[in-house]
Amino acid sequence: MKVDRRAWHTRRLLQDSLLEILNDKRLEDVSVKEICDWAGVNRSTFYSYFNGTRELLASLKKDMIDEIRLRGVELSGDLPDCIRQICGILWEYRKLLKLLAENDELSPSMAEIMELWKDDFRRVLSGWTADPLFVAAGCRYLICGSGSVILMWTLGDLPLNREELVSRLYGMMTGGLNRPCPLSGLSARKTVCCEKFT
């Protein structure tokens, strides 16, 4: 498939302009005119690529996920190695992840990113146990739970270095393998669906 370089460049210019503006403003305060002025293009050019600012931001999110997918990083090693590799990849996208989070545009993306490695998680967890229920639950935890914690770290909300983060996530995952966690003390109000944090 042949890529129209001029169209790609214009699209990228609009995306980069939005990223620059979002350093100082929230998305709802950004106008199409402001993006066009920053990019040096007219509004009709903008609307030939995007319907509005939300669609432009969504294109950044999609491109990030596509880039990660295209890299085809297959996680290797044990669980700590896998977590370490994911941290490294997401660290490269920390500026965009932070802007998406600040503009309430990250929720479905984090789970979608972590889903890219679902088969790798299954492989690692299957090495621990033959119990398919544990493997499925462990995958869900890694996609929702650890993905949220890694995101917090990437955004600077957890003052840990990467090795400390890997150690804590691994401890959370393995700490309950030998002893069940008592659920009787949890109220329904404290039980929160993982999608809220992904």
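Treat the numbers as computed from the prediction; the structure is a model and nothing was measured. (Residues numbered from 1 in each chain as written. Predicted model: local features only at pLDDT ≥ 70, side-chain atom pairs only at ≥ 80, totals over all residues. Heavy atoms only, no water.)

Draft legend 1. Inspection of the packing of aromatic side chains at higher detail. Tallied over the full model, the rule gives 4 aromatic pairs. Taking 5.1 Å as the distance between ring centres and 40° as the angle between the ring planes, the aromatic pair formed by Trp 91 and Trp 153 counts as tilted. Of this pair, Trp 91 sits in helix H5 (residues 79-92) while Trp 153 sits in helix H9 (residues 132-154); the two residues are 62 residues apart in sequence, bridging distant segments of the chain. The class of Trp 153 is buried, set by a relative accessible area of 8%. Among the aromatic residues, ring-to-ring pairing joins Phe 46, Tyr 47, Tyr 49 and Phe 50 into one connected group. (Phe/Tyr/Trp six-rings, centres within 6.5 Å; stacked < 30°, edge-to-face > 60°. Helix = DSSP H or I, 4+ residues; strand = E, 2+ residues; numbered from the N terminus. Buried < 20%, exposed > 50% of the residue type's maximum accessible area, 1.4 Å probe, protein only.)

Draft legend 2. The pattern of salt bridges, seen in detail. Evaluated as defined, the whole model comprises 16 salt bridges. Across the pair Lys 95 and Glu 20 runs a salt bridge whose closest N-O atoms are separated by 3.9 Å. In this pair, Lys 95 is assigned in helix H6 (residues 94-102) and Glu 20 in helix H1 (residues 5-22), connecting sequence segments 75 residues apart. Overall, Lys 95 belongs to the partly exposed group, its relative accessible area being 46%. Lys 118 is the salt-bridge partner of Glu 115, the closest N and O atoms lying 3.3 Å from each other. Residue class for Lys 118 comes out partly exposed when judged on its relative accessible area of 29%. Three or more residues are tied together by salt bridges with common partners; here these are Lys 62, Asp 66 and Arg 69. (Salt bridge = Lys/Arg side-chain N within 4 Å of Asp/Glu carboxyl O.)

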